[in-house]
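Descriptive structure summary
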Amino acid sequence: MSKQLNVVVVGNGMVGHHFVEQLANLRESAEQVNITVLSAENRLAYDRVHLSEYFAGKTAQDLALTDESTYHDWQIDFRTNAKVTTIDRQQQQITTEVGETFSYDKLILATGSYPFVPPIPGGDQSHCLVYRTIDDLESIKSSASSSKVGVVIGGGLLGLEAANALKELGLQTHVVEFAPQLMAVQVDTGGGRLLKSKIEELGVQVHTSKATQVIEKGESCRYRLVFADGETLETDLVLFSAGIRPYDNLGRENDLTLGERGGIVINSQCQTSDENIYAIGECALYENMIYGLVAPGYSMAKVTANHVLDSTSETVFEGADMSTKLKLMGVDVGSIGDAHAKTQGALTYTYENQPEGVYKKIVVSSDKTLLLGAVLVGDTSEYDSLLQYMLNAIELPESPEALILPMAADKPMLGADALPDTATICSCLNVTKGDIVAAVDGGACSVADVKSCTKASTGCGGCAALLKDVVDKELESRGVEVKKDICEHFAYSRRELFDIVKVEKITSFEQLIEKHGQGLGCEICKPTVGSILASVWNDYILDSSKVPLQDTNDTFLANMQKDGTYSVVPRIPGGEITPDKLITIGEVAKKYNLYTKITGGQRIDLFGARVDQLPDIWQELIDAGLETGHAYGKSVRTVKSCVGSTWCRYGVQDSVGMAIDIENRYKGVRAPHKVKFAVSGCTRECAEAQSKDFGVIATDKGWNLYVSGNGGMKPRHADLFATDLDDETLIKYIDRIFSFYIQTGDRLQRTSVWMENLEGGLEYLQKVIIDDHLGICDELEKQMASIVGKYQCEWKTTLENPESLKRFRQFVNSDKTDSNIQFVTERDQIRPATLAEKKAGELGGNIEIVDLTYNESPSESSKQAVAVMED
Amino acid sequence: MTQALKEQTVNKDWVTLCGIQDLVANSGICALVAKPSEQGEQLEKQIAIFSIPDSEEKVFAVDNFDPIGKANVLYRGIVGSNNGEPIVASPLYKQQFSLKTGTCIQEEAEIGAYPARIQDQAIQVYI
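Conventions and cut-offs
- Residues numbered from 1 in each chain as written.
- Chains lettered and ligands numbered in written order.
- Predicted model: local features only at pLDDT ≥ 70, side-chain atom pairs only at ≥ 80, totals over all residues.
- Heavy atoms only, no water.
- Helix = DSSP H or I, 4+ residues; strand = E, 2+ residues; numbered from the N terminus.
- Contact = heavy atoms within 4.5 Å.
- Areas by Shrake-Rupley, 256 points an atom, 1.4 Å probe, with all protein chains shown as cover.
- Buried < 20%, exposed > 50% of the residue type's maximum accessible area, 1.4 Å probe, protein only.
- Pairing = 2+ DSSP bridges.
- Axes fitted to C-alpha atoms, helices over the stretch in contact; angles between N-to-C directions.
- Patch = residues over 30% accessible without salt bridge, like charges linked within 9 Å, V, L, I, M, F, W, Y side chains within 5 Å.
- Salt bridge = Lys/Arg side-chain N within 4 Å of Asp/Glu carboxyl O.
- Lys, Arg positive; Asp, Glu negative; His and termini not counted.
- Charge placed at Lys NZ, Arg CZ, Asp CG, Glu CD.
- Buried area = accessible area lost by both parts, 1.4 Å probe.
- Polar contact = N/O pair within 3.5 Å; in protein donor to acceptor, adjacent residues only side chain to side chain.
- Nonpolar A, V, L, I, M, F, W, Y, C, P; charged D, E, K, R; others polar.
- UniProt positions renumbered as here; feature names shortened; annotations may be inferred.
- Phe/Tyr/Trp six-rings, centres within 6.5 Å; stacked < 30°, edge-to-face > 60°.
- Core = buried A, V, L, I, M, F, W, Y, C linked by side-chain atoms within 4.5 Å.
- Domains from an automatic or database assignment.

When its secondary structure is counted, chain A shows 26 helices and 38 strands. The long-range share in chain A, meaning contacts at least 24 apart out of those at least 6 apart in sequence, stands at 60%. If you sum the accessible surface of chain A, you get close to 38900 Å²; carbon and sulfur atoms cover 48% of it.

And the structure:
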């Protein structure tokens, strides 16, 4: 381009400035493109979005987006206080108020908008103000200094911002809104109601459905507002915030095409009806829409800068998403897309929690597959995810409500494949899927690599699972094999190992590692293989060849506690126990001085047993007819039950009887992880069956079976699998599902996660189990029958074998006990002594033997008197 | 002092702790060693002994005290290997300790590791 291009920008608001910045960056030199900026205000561009912070102490300088020296550096010719009065479109020349003229090749109108002041009689008095510019703020500040009460007319987004400003200035603040609710554009009725109550809690009074008719002289205050319904409100200061109007006079006076209700009409290149004149920001009307947000204005600025330089530029403005997320007076508000469900056939889901002050609504398409809009008040944590659903037209999960329900255990996360590159994966560090893809393209080949170069998942870590999913999928799609090996010793997943063991009839770890692995094994693969061998063959888990495979809990048939002692849990099927057995447990606990606690699974846990005491304790329990509770195993734990129809006025089935039958059937069965059951005798669900791996709830016709529930770290409501089953069918289905889980579950994968990962989910499982879709039901039942048939009380077997009892010695060469195990008394029972207590005990000379190799740090500072237990 | 401890035969610094029949293949046991302190007091130390028939060394001896979990439990850990290095994983919090050097692989921690051997059906540790 040989001739210099003259670009004149009228208006230096946020959008006008953004355009200047874009163009200054894009042009090759000031010789190529000369930029002139004319601002009607007396200062250059500043941040209007954060205007209210001016009252919180920010200065005009803090809010400034640029300054004179920056514009000088960019070689921008600029004028402030330069209001443009005329455009000569033929001569391509403009004139300012003071008569200065500028020629243009391209003219950019970024004149913005002005606050709409409703024509209310008395609305033009000196303390009736608007909220738009820094000058306006100065006027508000000075008026507020002589005022006690302030009223904002208009309860939209800006009105609430303004109300916050008045509140900050120490005024008793009111908001008057013509519509029946606040923020009527962004928020629906329900959201508006909650917003109102939250804002009133903050001390701002809200008056909705109020049309102000006149502002007259007040009695107790400067003015009095008189409403259409006859009510009045006294105030010293009135702030109008009743919407904006495009500042389009230059277009109007110069015959540019305008919209019916104002706004300079633009095309997708942001050109007005004169191809050399562009309009951007709030003065522009694109497809009958004024975009009163800064982001779309910036998009227009970018499109225009490109088009000014190169008329073949393909960047276009095609409207913008007006979704917003903001904090108003500390209240989180989010609005996405069609917040008012105006789309034909739109359906809504609403969640409202008044005590917590949370309101959430989603609007979905009539076929429930797409998200059309959402309203969030009080909690906007799902905003990003919902926005992704809408912007990218991602298909919704089967139960869309789960997206906003707080109790939905595993909120349907967007699958890695479904996410677009713009999707935010890590919101703490703002890492998108695109960033992760780029990292993988750049050579990262593991989650750890991606983490170190993108910092994703290094904040709260809540996105770890999704991150892994994305990385795995990306690696897979590049043909990189994603290792599902359980550890360095086996290049197989648990499921593959399970199949190998079964098909090749492998019965020991040694056989398996020799044929299919390497090295000596480790604490990951050994217990896994131990569990597989137990699940497939259900032999005694403490056969000498299997002992080394087990975690200490399985080895010693008890649960190791922090001090190296163990706890002991006898089985109490269904939570039903005779007084005699109860007494036995009590007597044993007393004799061995064990800490006693009732567990969540309706049994009794006895803590503080030394390894050498375990056989004696169990001998006494077994003599009294008790058996092991498998509390130590990755196996069936308890079947919790309510008392059921035998006693309960409401029970419809014998839940205790069923619980005992189930517990006795599956006790000892080893699985990928622990498995819990519960049986409730009626729909009141006192046994909390829906939080268990297998939940059974009585109906008047039989039993409803629920599967894959979970409490604990990541609660999940169980899925209703089948209804009104008779006893036999119930057991048959549990046999099949349980067997299927044992075969296909991953290492340490609870049934809840197993279900989440099962392709096809519940429906698929129903097909496999009920319709025998895979033709494997016979096999599943047989497998379960064979393990069930081989049950033994592991403690009974152990006690009968003197050789295995040798393991329960602390020392092979001494009968002494571990001197490091010490207890103190608390609430009439023992508990492990803290390090500080042990130290105090040493000084007091209560302990006979001190091992000097212990490097104790005196971090725990209990100063209780020490009562050292010595046997 | 119990009878068993008194019977420990001290041959220079190789201490016989138990017999080969006490070992459990690919697993651990624990023995108590009497050791005089610098002040001449008689102290006791818990030593975890592991038998790994497939390794070159066959037996390993390390401190039984887990410095991370702060309990005498290491002999109840699972043995295995990490990149060829024989290890025991603490049963409390699963950190792996090298059976050769006593160094913890996952964290800053260390335990004592002692030469061990099988001598005429007896398990001896050099302490």
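Turning our attention to the overall build of chain B. Of regular secondary structure, chain B possesses one helix and 13 strands. The order of helices and strands in chain B, counted from the N terminus, is α-β-β-β-β-β-β-β-β-β-β-β-β-β. Across the 127 residues of chain B, 58% fall into the buried class. Within chain B, residue pairs in contact and separated by at least 24 positions form 43% of the contacts whose partners lie at least 6 positions apart. For chain B, the computed accessible surface area is about 5600 Å², with 45% contributed by carbon and sulfur atoms.

Moving on to the sheet that holds strand β11 (residues 172-176) of chain A. Residues and elements named next belong to chain A. Spatially, five strands are ordered β9-β16-β10-β11-β12 in an open sheet, and the strand pairing comes out parallel. The open sheet is flanked by β9 (128-130) and β12 (205-207), the only strands paired with a single partner. Taking the axes of each pair of neighbouring strands and ignoring which way they run, one obtains an average angle of 25° across the sheet. In this structure, strand β10 (residues 149-153) lies alongside strand β16 (residues 237-240), joined through four bridges in parallel fashion. Residue pairing in the sheet places V151 in a bridge with V238 of β16.

Now for a negative patch on the surface. Judged by side-chain charge, E576, D654, D661, D726, D727 and E728 of chain A come together as a negatively charged surface patch. Its relative accessible area of 67% is what places E728 of chain A among the exposed residues.

Even without glycine at this site, Q602 of chain A takes up a positive phi of about 60°. Its place among the elements puts Q602 of chain A in the loop between β30 (595-598) and β31 (604-609). With a phi close to 55°, K70 of chain B is a non-glycine residue in the positive phi region. Looking at where K70 of chain B falls in the secondary structure, it is placed in the loop between β6 (65-66) and β7 (71-72).

All right, on to the interface of chain A and chain B then. Listed as interface residues are 44 residues of chain A and, on the opposing side, 48 residues of chain B. Summed over the three residues of chain A that lose the most area to chain B, namely L520, E523 and N813 of chain A, the buried surface amounts to 19% of that side. Here chain A is connected to chain B by three salt bridges. In this assembly, chain A and chain B are joined by 17 residue pairs in polar contact (both at pLDDT 80 or more). Put simply, the parts of the chain that give the side of chain A that touches chain B at least two residues each are α15 (525-537) and α16 (552-556) of chain A. Taken together, the residues of the side of chain A that touches chain B sort by class into 16 nonpolar, 15 polar and 13 charged.

Residues and elements named next belong to chain A. One open sheet holds the five strands; their spatial order is β32-β33-β34-β35-β36, and the pairing between them is mixed. Of all the strands in the sheet, just β32 (636-641) and β36 (719-725) have a single pairing partner and so form its edges. Strand-to-strand, the axes of this sheet are offset by a mean angle of 15°, without reference to chain direction. Alignment of strand β33 (residues 675-680) against strand β34 (residues 694-699), held across four bridges, turns out to be parallel. By the bridge assignment, S680 is partnered in β34 with I697. The sheet contacts of helix α19 (residues 655-666) involve β32, β33, β34 and β35 (702-707), and relative to β32 the element is tilted by about 175°.

The subject of this paragraph is the UniProt feature "binding site: siroheme" (unreviewed entry) in chain A. Residues and elements named next belong to chain A. UniProt's feature table lists "binding site: siroheme" (unreviewed entry) at C686, given in the numbering used throughout. Tracing the backbone through its elements, the reader meets C686 in the loop between β33 and β34. Overall, the relative accessible area of 57% leaves C686 in the exposed class. Residues within four places of C686 in sequence aside, it is in contact with C642 and S680.

Time to look at the pairing of strand β13 (residues 122-126) of chain B. Residues and elements named next belong to chain B. The element β13 is extensively covered by neighbouring structure, given that four of its five residues are classed as buried. Where strand β2 (residues 14-19) meets β13, five bridges bridge the pair, whose relative direction is antiparallel. The partner of C18 across the bridge, within β13, is I123. Relative to β13, strand β12 (residues 116-119) is paired through four bridges, and the arrangement is antiparallel. Pairing of Q119 across the sheet is with A122, part of β13. Hairpin connection between β12 and β13: a loop of two residues separates the two successive antiparallel strands, and D120 in this loop has a positive phi of roughly 50°.

What follows is about the packing of aromatic side chains. All names here are of chain A. Applying the stated criterion to the full structure yields 20 aromatic pairs over all chains. Seen in terms of ring centroids, Y114 and Y247 are 5.9 Å apart; in terms of plane orientation they differ by 85°. Their pairing is edge-to-face. With Y114 in strand β8 (residues 113-115) and Y247 in the loop between β17 (244-246) and α7 (249-253), the pair connects residues that are 133 residues apart, well separated along the chain. Classification of Y114 as partly exposed rests on a relative accessible area of 36%. A residue is classified by how much of its surface remains accessible, and Y247, at 27% relative accessible area, is partly exposed. Where Y666 meets F677, the ring centres are 5.6 Å apart and the plane angle is 10°; that geometry is what we call stacked. With Y666 in helix α19 and F677 in strand β33, this residue pair connects regions lying eleven residues apart in the sequence.

Turning to its location among the elements, N593 of chain A is positioned in the loop between α17 (579-591) and β30. Separated by 15 residues in the primary sequence, N593 of chain A and G608 of chain A place their C-alpha atoms 7.9 Å from one another.

Let us now look at the nonpolar core. Residue and element names in this part refer to chain A. Counting residues in each nonpolar core, the largest one holds 56 residues, and the members touching the most others are I662, Y666, F677, L705, F738 and L765. Two domains each provide a minimum of three residues to this core, namely domain 5 (494-550) and domain 6 (643-791). If sequence neighbours within four positions are ignored, F738 has contacts with V636, Y666, V669, A671, V675, F677, F694 and M784. With 48 residues, the next largest nonpolar core counts F78, I264, Y286 and A305 among its residues.

The residue T36 of chain A is located in strand β2 (residues 33-38) in this model. Those residues in contact with T36 of chain A, other than ones at most four positions away along the chain, are V7, V8, V9, D77 and F102 of chain A.

So, on to the environment of T103 of chain B. Residue and element names in this part refer to chain B. Structurally, T103 is set in the loop between β10 (96-98) and β11 (113-114). Along the backbone, T103 and I87 are 16 residues apart, and their C-alpha atoms lie at a distance of 9.5 Å. Beyond its immediate stretch of four places on either side in the chain, T103 contacts Q96, F97, S98, A109 and E110.

Residues and elements named next belong to chain A. What the rule picks out here adds up to 40 salt bridges over all chains. Its salt-bridge partner being R193, residue E352 comes within 3.3 Å of it at the nearest N-O pair. You can see E352 sitting in strand β23 (residues 347-353) and its partner R193 sitting in helix α6 (residues 189-201), a full 159 residues away along the chain. With relative accessibility at 48%, the residue R193 sits in the partly exposed group. The structure contains a network of salt bridges with shared partners spanning E216, E219, R224 and E234.

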